[in-house]
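So the chains spell out like this:
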Amino acid sequence: MLRIAVPNKGSLSGPAGEMLHEAGYQQRRESKELRIVDPVNDVEFFYLRPRDIAIYVSSGRLDIGITGRDLLIDSGANAEEILPLGFARSTFRFATKPGTADGIEDLQGRTVATSYEGIVAKHLAEQGIDASVVHLDGAVETAIELGVAEVIADVVETGTSLRNAGLEVFGEPIMKSEAIVIRRTGADVEEPKVQQFLRRLQGVLVARTYVMMDYDCRVEQLEKAVALTPGLESPTVSPLHNEGWVAVRAMVPAKEAQRIMDDLYDIGARAILTTAIHACRL
Ligand SMILES: Nc1ncnc2c1ncn2[C@@H]1O[C@H](COP(=O)(O)OP(=O)(O)OP(=O)(O)O)[C@@H](O)[C@H]1O
Ligand SMILES: O=P(O)(O)OC[C@H]1O[C@H](OP(=O)(O)OP(=O)(O)O)[C@H](O)[C@@H]1O
Ligand SMILES: [Mg+2]
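Going by the annotation in an unreviewed UniProt entry, the name recorded for the protein is ATP phosphoribosyltransferase, with Streptomyces asoensis given as the source organism. Entered under Catalytic activity (unreviewed entry) in the UniProt record, the comment concerning the protein runs "1-(5-phospho-beta-D-ribosyl)-ATP + diphosphate = 5-phospho-alpha-D-ribose 1-diphosphate + ATP". UniProt, in the comment section headed Subcellular location (unreviewed entry), describes the protein in these words: "Cytoplasm".

J.: Mind showing me how you'd approach helix H4 (residues 117-126) here?
T.: Three or four residues apart is the spacing at which side chains of an α-helix point the same way, because the helix has 3.6 residues per turn. All buried positions along H4 are accounted for by Ile 119, Val 120, His 123 and Leu 124. Here the buried residues of H4 occupy an arc of 120 degrees about the axis, which is enough to place them on one side. Exposed residues on H4 whose side chains face more than 90 degrees from its buried face are Ala 125 and Glu 126. Taken together, the buried residues of H4 touch helix H3 (69-75), strand S6 (90-96), strand S7 (111-114), strand S8 (132-135), strand S9 (151-156) and strand S10 (168-177). Gly 128 occupies a position one or two residues after H4 and carries a positive phi of about 70 degrees.

J.: What's the story with the sheet that holds strand S12 (residues 210-218) in this structure? I'm lost.
T.: The strands that make up a sheet are held in pairs by hydrogen bonds between backbone atoms, and each pair lies either parallel or antiparallel. Read from one edge to the other, the open sheet built from 4 strands follows the order S13-S14-S12-S15, with strand pairing classed as antiparallel. Of all strands in the sheet, those with a lone pairing partner are strand S13 (236-239) and strand S15 (270-276), marking the two edges. Strand after strand, the sheet turns through a mean of 20 degrees between neighbouring axes, direction not considered. With 5 bridges connecting them, S12 and S15 associate as antiparallel partners. Looking across to S15, one finds that Val 211 is bridged to Ala 276.

J.: Would you mind going over the site of ligand 1 with me for this structure?
T.: For ligand 1, the set of nearby residues contains 15 residues, the closest of which are Gly 10, Ser 11, Gly 68, Ser 90 and Glu 157. Those elements that provide at least two residues to the shell around ligand 1 are helix H1 (10-22) and H3. Looking at which element gives the most residues to the shell around ligand 1, the answer is H1, with 3 residues. For the shell around ligand 1, a count of residues per class yields 6 nonpolar, 6 polar and 3 charged. Looking at which domains feed residues into the shell around ligand 1, each of domain 1 (2-86 + 178-189) and domain 2 (90-176) gives three or more.

J.: Can you walk me through the environment of Arg 281 in this structure?
T.: Inspection of the secondary structure assignment puts Arg 281 in the segment after S15. Arg 281 sits 74 residues away from Ala 207 along the chain, and the two C-alpha atoms are 9.5 Å apart.

Each value, and the rule that gives it
In this numbering scheme, every chain counts its residues from 1 along its sequence in written order. Here every chain gets a letter starting at A, and every ligand a number starting at 1, in the order they are written. It should be noted that, the model being predicted, local features are given only for residues of pLDDT at least 70 and side-chain atom pairs only at 80 or more, the latter also being counted only at that level, while totals for whole chains, interfaces and linings use all residues. UniProt positions are given in the numbering used here, feature names are shortened, and annotations may be inferred rather than shown by experiment. With C-beta atoms placed from the backbone, a residue counts as buried when 20 or more other C-beta atoms lie within 10 Å of its own, as exposed when 12 or fewer do, and as partly exposed for counts between those limits. The helix count covers DSSP runs of H or I at least four residues long, the strand count covers runs of E at least two residues long, and both are numbered beginning at the N terminus. By construction, the arc corresponds to the directions joining the helix axis to the C-beta atoms. Here contacts are defined at the residue level, using C-beta atoms placed from the backbone and a cut-off of 7 Å between them. A pair of strands counts as paired when DSSP detects no fewer than two bridges linking them. Angles here are taken between N-to-C directions and fall from 0 to 180 degrees, while the axes themselves are lines fitted to C-alpha atoms, restricted in helices to the stretch in contact. Any residue whose C-beta atom, as placed from the backbone, lies within 6 Å of a molecule or strand is termed near it. Gly falls in the polar group here, along with every residue not listed as nonpolar (Ala, Val, Leu, Ile, Met, Phe, Trp, Tyr, Cys, Pro) or charged (Asp, Glu, Lys, Arg). Reported domain spans reflect what an automatic or database domain assignment gives.

Printed below as a string of structure tokens:
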């Protein structure tokens, strides 16, 4: 049975549960459940604190985990990213009161408050900056106002929390993060059960990113039409009863679907339809 760690709280928890549900796995019914078995799919889910997931996976007791890239790096645990999942995207940045710092060199000798001590200490050491790091559990934006630190380093998504605290980012982004699937470093990723799990999640990612497009066009326009809808491998082309016409079917990126439909119409394609993809194995 594959043993999988899933975030039980915070920004990762909801979207991770939704993605697993879309991939056909049973999920917990109430937020107090800490583990469930999905016998049909031969999987056991453990609902753990997002920060602890890399540690469990690195111990080898759990086969796979879903966590944030920033949390994995911060933990320093012996685990590696095997699939990015595209949700819980954020940037990790330094911030302070406007006009008090321009770049990382201004951190020399100063105090930085953060919940991600591992990332910050590593970054400062790589840049050769000697600054002290204060660990806070959360709400670090308030640390400057209350005099605990002169600078903070934190997750920025929309920037609202920083704006509300009268702070501004400075310097280069320290890292970009998103939800990821992790596995113990060096453990066999080719194991059939692991591969099946990854294929299911990849199927959800594809179903969320692509739509299926169908249309009819004249044979003379086929090359132009296919250039607009090359599909993932190659579009399906079928003859129509009306001579000189073909039906074409191809996957297209959902974000570009409306533009592609306009372009197809302009070259004479008709009966252009898009349909959602619910699941897929590429
Ligand atoms: N707006 C956001 N706030 C917090 N984390 C976010 C946000 N957007 C994305 N993330 C990502 O979610 C993960 C943080 O997960 P975590 O469960 O610790 O969130 P949290 O909401 O801060 O929970 P906690 O109350 O334990 O601090 C990180 O990988 C982070 O990059
Ligand atoms: O750029 P924004 O969209 O404002 O999002 C970023 C904020 O969200 C997180 O806080 P969270 O709600 O997790 O609280 P915490 O600080 O207690 O962890 C993070 O620590 C920032 O404060
Ligand atoms: Mg937080």
